[in-house]
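So you can see what is in the structure, the chains are spelled out below.
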Amino acid sequence: MDTQLLSARSPADLDAAAGLLLRGGLVAFPTETVYGLGALALEPLAVRAIYAAKGRAATNPLIVHVLGEDEARPLCARWPIEAQELVTRFWPGPLTLVLPRTDRVPDEVTGGGPTVAVRAPSHPAARQLLARVRVPLAAPSANRSEHVSPTTARHVLRDLNGRIDAVLDGGRCPVGIESTVVGLTSAGPRLLRAGAVPRSALEELLGEVPDAAPAGSIAASPGQQKRHYAPAALVRLADATALPRIAADLPGPVGAVIRGDIALPQEVVSVRLPENPAGYARDLYAALRELEDRGCTSICIESVPASPEWDAIRDRLTRAAA
Ligand code: AMP
Ligand code: MG
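Throughout this description, residue numbers start from 1 for each chain and increase along the sequence as written. To label them, take the chains in the order written and letter them from A, then take the ligands in the order written and number them from 1. Only residues with pLDDT of 70 or above have their local features reported here, since the model is predicted, and side-chain atom pairs are shown and tallied only from 80 upward, although totals for entire chains, interfaces and linings are computed over all residues. Excluded from the side-chain calculations are hydrogens and water; all other atoms, namely the structure's heavy atoms, are used.

Q: Describe the sheet that holds strand β6 (residues 115–119), listing the residues and the values that go with them.
A: Sheet architecture is open: ten strands sit in the order β1-β8-β2-β3-β7-β4-β6-β5-β9-β10, paired in mixed fashion. Two strands close off the open sheet at either side, each with one partner strand: β1 (4–7) and β10 (190–193). With respect to the sheet, helix α7 (residues 153–160) is in contact with β1, β2 (27–29), β3 (36–40) and β8 (166–169), its orientation differing from that of β8 by roughly 165°. DSSP-based pairing: two strands are paired if at least 2 bridges between them are found. Under the scheme used here, helices are H or I runs from DSSP no shorter than 4 residues and strands are E runs no shorter than 2 residues, and both carry numbers assigned from the N terminus. Here a residue-residue contact requires only that any non-hydrogen atoms of the pair lie within 4.5 Å. Axes here refer to lines fitted to C-alpha atoms; in helices the fit is confined to the stretch in contact. Angles between the N-to-C directions go from 0 to 180 degrees.

What follows is the structure in structure tokens.
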């Protein structure tokens with residue numbers, strides 16, 4: 001199939017994107033976190049096409065994107081006070097809630113499980129698309145399964161050109177890493193995936209939000225796979241002092257992702273990212289894809305500070321290196 005490149009700045013293109021979705025098609029669209037690969041969430045065949053295009057395991061559930069609480073509630077069998085508080089504070093935005101599902105939600109979306117993940121994105125293009133289709137959209141990240149998430153339309157095309165109906169180009173995603181996922185199905189709130197909303201912000205509202213238990217339960221969610229968010233290269237993490245030696249030892253061509261001034265062997269292709277977590281998150285996936293595109297078969301990454309504002313980034317780096 002031919003993949004159309006549409007512009008989120010064009011109302012006619014937004015209409016075209018909505019039309020493709022309503023006919024059961026696949027359209028990648030920008031969100032504030034990363035590009036999502038959208039399809040009608042309540043249509044099993046449309047949802048199955050997402051798995052086929054990505055090469056994703058059918059047991060790996062998808063996040064359902066909605067405009068807001070009114071659209072989310074019919075999908076959820078319970079709406080506890082914690083859900084209400086989180087949604088009031090963080091929606092629209094990069095926070096996903098996992099709740100018991102109603103039977104409106106097809107098995108294809110939930111991986112056959114009893115819960116559904118819902119999120120209201122804040123990106124204007126995502127919202128304009130949702131307002132046009134007027135139904136929930138299932139949308140995992142718009143990359144081939146287990147690859148780095150896309151933060152530009154070009155990244156989407158690199159992975160999925162010819163496999164999806166269209167990509168709606170809305171420029172670079174401002175957050176750059178995936179949403180925070182909170183489970184509200186068990187005894188209390190659990191952090192299923194670190195993300196753009198920090199744990200401390202959740203805890204201000206809810207009290208302690210521990211990690212989900214690692215095995216069984218809803219914790220067996222896709223973002224929790226050990227290797228995930230990974231470039232097609234050998235990835236190693238190292239602190240600034242060890243990095244030059246590790247870069248010299250890795251099989252080449254070698255790429256490096258650094259934050260500060262580090263003297264590296266001259267054959268190493270390096271990308272320097274911002275020292276602040278928001279800027280680093282915004283640019284990280286583009287940096288990994290750039291090194292991949294430049295032929296690097298090994299990538300060493302300068303490890304990031306141990307402080308909480310780097311949690312989500314550290315999580316992604318650890319998985320990329322697993
Ligand atoms: P992505 O493919 O990057 O959009 O990842 C989807 C994310 O949604 C995963 O990382 C999970 O954390 C989360 N998720 C979706 N549905 C569920 C669910 N029913 N239970 C737990 N996590 C879910
Ligand atoms: Mg993904």
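Structure's up, so let's keep going.
Q: Explain the side chain of Glu 302 to me, and be specific about the residues and the numbers.
A: Within the element layout of this structure, Glu 302 appears in strand β14 (residues 298–302). Relative accessibility thresholds used throughout: buried, under 20% of the residue-type maximum; exposed, over 50%; partly exposed, between the two (1.4 Å probe, protein chains only). Accessibility expressed as a relative area gives 7% for Glu 302, which makes it buried. Any pair of nitrogen or oxygen atoms within 3.5 Å is treated as a polar contact; in protein, a donor-acceptor pairing is required on top of that, and neighbouring residues in sequence qualify only through side-chain atoms on both sides. A polar contact of 2.7 Å, which involves the side chain of Glu 302, links it to the backbone nitrogen of Arg 259. Every residue in contact with Glu 302, bar those within four places of it in the chain, is listed here: Ala 238, Ala 240, Leu 243, Val 257, Ile 258, Arg 259, Gly 260, Ile 262 and Tyr 280.

Q: Explain the pairing of β6 to me, and be specific about the residues and the numbers.
A: Among the five residues in β6, five count as buried, and that is most of the element. Every second residue of β6 is oriented toward a common face, with Thr 115, Ala 117 and Arg 119 on one face and Val 116 and Val 118 on the other, all of them buried. The pairing of strand β4 (residues 63–65) with β6 spans three bridges and is parallel. Within β6, the residue paired with Val 64 across the bridge is Val 118. By the bridge criterion, four bridges tie strand β5 (residues 95–100) to β6 in an arrangement that is antiparallel. Its bridge partner lying in β6, Leu 99 is registered against Val 116.

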